[in-house]
Amino acid sequence: MVVYHIAQHIPRSTMRIHLRLGLGLLNTVRQRHVCVTLLCSIVCIIFCHLMNSSRDETPPPHIACVNFKGRLGNLMLEYAFLHIISKIKNLNPVIPENFELLKVFNIRDKTPKQIRNREKVCTRLSLHVERWGLSFDEDLFDVPTSESVRFDGYYQSWKYWSKYEQEIRDIFKFKKPIRDKAFSQFQNIMLIMNFDTRKKNNKVVSIHIRRGDYATEGHLKYGKLTPNATYYINAMNYFRRIYKNVLFIVGSNDIKWAKEALGAEENVYFSRGLSAAEDMALLSLANHTIMSVGTYGWWIGWMARGTTVYYKHIFVPGSDFSKEFKDNSTEDFVYPGWIPMDESPNGWRDV
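What you see is a predicted model, and the numbers here were worked out from it, not measured in a lab.

So, how was this worked out
- Residues numbered from 1 in each chain as written.
- Predicted model: local features only at pLDDT ≥ 70, side-chain atom pairs only at ≥ 80, totals over all residues.
- Heavy atoms only, no water.
- Phe/Tyr/Trp six-rings, centres within 6.5 Å; stacked < 30°, edge-to-face > 60°.
- Helix = DSSP H or I, 4+ residues; strand = E, 2+ residues; numbered from the N terminus.
- Buried < 20%, exposed > 50% of the residue type's maximum accessible area, 1.4 Å probe, protein only.
- Lys NZ or Arg CZ within 6 Å of the ring centre and 35° of its normal.
- Pairing = 2+ DSSP bridges.
- Contact = heavy atoms within 4.5 Å.
- Axes fitted to C-alpha atoms, helices over the stretch in contact; angles between N-to-C directions.
- Core = buried A, V, L, I, M, F, W, Y, C linked by side-chain atoms within 4.5 Å.
- Parallel < 35°, antiparallel > 145°, perpendicular 65-115°, else oblique.
- Left-handed = near helix turned anticlockwise from the far one by under 90°.
- Nonpolar A, V, L, I, M, F, W, Y, C, P; charged D, E, K, R; others polar.
- Salt bridge = Lys/Arg side-chain N within 4 Å of Asp/Glu carboxyl O.

(A) The packing of aromatic side chains, seen in detail. Using the criterion set out here, one finds 30 aromatic pairs in the structure. Centre to centre, the rings of tryptophan 158 and tyrosine 335 are 6.1 Å apart; their planes meet at 75 degrees, and the pair counts as edge-to-face. One end of the pair, tryptophan 158, is in the loop between β4 (149-152) and α5 (165-171); the other, tyrosine 335, is in the loop between β9 (308-311) and β10 (339-341), with 177 residues separating them in the sequence. Of the two residues, tryptophan 158 and tyrosine 335, neither departs from the other in class, the shared state being buried. Ring geometry for phenylalanine 321 and phenylalanine 325: centres 5.4 Å apart, planes at 80 degrees, overall edge-to-face. By relative accessible area, phenylalanine 325 is classed as buried at 2%. Its end group placed over the ring of tyrosine 154, lysine 69 keeps NZ or CZ at 4.7 Å from the ring centre. Taking the ring centre of tryptophan 302 as reference, the NZ or CZ of arginine 169 above it sits at 3.8 Å.

Have a look at this one:
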C-alpha cells in the first residue's frame with residue numbers, strides 16, 4: 001500500500017524513465033551473465049586443449065621411432081630395422097599414420113594408443129644417426145634397453161636383421177589382394193608366352209631395371225650408376241647357359257628404355273599397368289632374379305630366394321655416394337651368395 005501511495009504522486013514521465021533504466025540494467029546483467037558463461041566455456045576449452053597437447057608432447061615410455069623416407073624399397077628396410085631394434089631393446093615401434101606399408105603387407109600397427117600426435121612425440125626423442133647409408137652400423141645397437149629413442153638413416157644392410165630373417169619374411173608377406181593379382185598376372189603371362197613352368201628345365205627369371213632418377217644428371221654427379229643394356233644381356237645369357245628354356249619378365253620404372261634395350265631378345269615379357277607393390281609381388285614369383293641397382297630390385301631378389309645376379313658397379317669410386325659404403329665395400333649391402341656381373345664383353349662366361 002505504501003509503495004502504491006508513493007507511486008501515485010510520482011509523475012508518469014519519471015516512472016517511464018526509471019522503468020527503462022531498470023529494464024536496461026536487467027538486460028545488462030543478463031548480457032554480462034551470458035558473457036561470463038561464454039568466457040568460462042572458452043577458458044575450459046583452451047585448458048583442455050593445452051592438457052591434450054601436453055599429453056601429445058610427452059613421450060610415453062619405451063618407444064622407438066625412425067625418420068621414414070623414400071619409396072617402397074627404402075620404407076621396407078627402414079621398417080625392418082625399426083621392428084628389430086624395438087624387439088631387441090624392449091621398445092614399442094611408432095609408425096606414421098596411414099603408413100604405406102600397412103596397405104601392402106600384413107603389418108600390425110603397434111604404436112601405443114595414447115600417442116595422438118605421432119610425429120610430434122617422435123621429434124622430442126634423442127636422435128641417433130646412422131654413419132653409412134648402405135653399410136651396417138653396429139653402434140645403433142648400443143642404445144640403452146627400454147629407453148625411448150629415435151633413429152635417422154636408411155639401414156640398407158641385411159646384417160641388421162640377419163638373426164631374425166624368417167621373422168622379416170613373415171612380416172613382408174603381401175596382402176591377399178596384391179598376392180592374388182600378382183599370381184593371376186603371372187599365370188596370364190605363362191599363357192601368353194606359352195611357357196610351361198612344370199617342366200624341369202623351364203625357368204622364369206625376373207629382371208628389374210632401375211632408371212628414372214638414377215639416370216638423371218644429379219644422381220650421376222653424386223656417384224650413382226645404372227647399367228646399360230649389355231649388362232642385362234650378359235645376365236640373361238648366364239641363365240640361358242644353365243637352363244634349356246628361360247622366360248624373362250621385365251619390370252622397370254622406364255619400360256620404354258627397357259623395350260628398346262631388350263626388345264630383340266627372345267622370350268621376354270614386359271610388365272605394365274601394375275602398382276609398385278603388385279609389380280614387386282609379380283617379379284618375386286620368378287625362380288631367379290636379375291637386378292640392376294637400388295633397394296626395390298634388392299627386395300625382389302631376396303623374396304624370390306633363387307639365384308640373383310646384381311650389377312657390381314654400384315657407385316663411382318671416390319664419389320660422394322661411395323662414402324655411404326663403409327670402406328668402399330658393398331659387402332654389407334649385397335646379400336650373401338648373389339652373383340656380381342657387369343658390361344664386360346661375354347662377362348657371363350667368367351662366372
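Structure shown, so let's carry the discussion forward.
(B) Main features of the sheet that holds β4. Ordered in space as β2-β1-β4-β3, the 4 strands form an open sheet in which the pairing is parallel. Two strands lie at the open edges of the sheet, namely β2 (92-93) and β3 (127-129), each paired on one side alone. Summarising the sheet, strand β1 (residues 63-66) and β4 pair through 3 bridges and their orientation is parallel. Each bridged residue has a counterpart across the sheet, and for cysteine 65 the counterpart in β4 is arginine 150. Across the sheet, helix α3 (residues 72-88) touches β1, β2 and β4, and the angle it forms with β1 is around 160 degrees.

(C) Here's a closer look at the nonpolar core. Counting residues in each nonpolar core, the largest one holds 95 residues, and the members touching the most others are Leu101, Phe105, Trp161, Phe172, Ile290, Trp298 and Trp299. Not counting chain neighbours up to four residues away, the residues in contact with tryptophan 298 comprise Trp158, Trp161, Met291, Phe333, Val334, Tyr335 and Trp338. Ile63, Val94, Val121 and Cys122 belong to the second largest nonpolar core, which has 7 residues in total.

(D) View of the packing of helix α6 (residues 176-192) against helix α10 (residues 276-283). Close contact between α6 and α10 brings their axes to 8 Å; oriented N to C, the two are set at 55 degrees. Between α6 and α10, the crossing angle belongs to the class labelled oblique. Relative to α10, α6 is oriented so that their crossing is right-handed. Residue-level contacts link Ile178, Lys181, Ala182, Gln185, Phe186 and Ile189 of α6 to Ala277, Glu278, Ala281 and Leu282 of α10.

(E) Quick peek at the packing of helix α8 (residues 229-242) against helix α9 (residues 255-262). Direction vectors running N to C along α8 and α9 enclose 60 degrees, while the axes themselves pass 10 Å from each other. For the pair α8 and α9, the crossing hand works out as right-handed. Between α8 and α9, the residues in contact are Ala229, Tyr232, Ile233 and Met236 and Trp257, Ala261 and Leu262, respectively. A per-class count over the contact of α8 with α9 returns 7 nonpolar, no polar and no charged.

(F) Fine view of the pattern of salt bridges. Overall, the coordinates contain 18 salt bridges when judged by the stated rule. In this structure, arginine 131 engages aspartate 139 in a salt bridge whose closest nitrogen and oxygen atoms are separated by 3.1 Å. Given the relative accessible area of 38%, aspartate 139 is considered partly exposed. Between lysine 159 and aspartate 332 there is a salt bridge, with its nearest N and O atoms 2.7 Å apart. One end of the pair, lysine 159, is in the loop between β4 and α5; the other, aspartate 332, is in the loop between β9 and β10, and 173 residues separate them in sequence. Of the residues examined, lysine 159 reaches a relative accessible area of 25% and is grouped as partly exposed. Here the residues in one salt-bridge network are Arg131, Asp137, Glu138 and Asp139, joined through shared partners.

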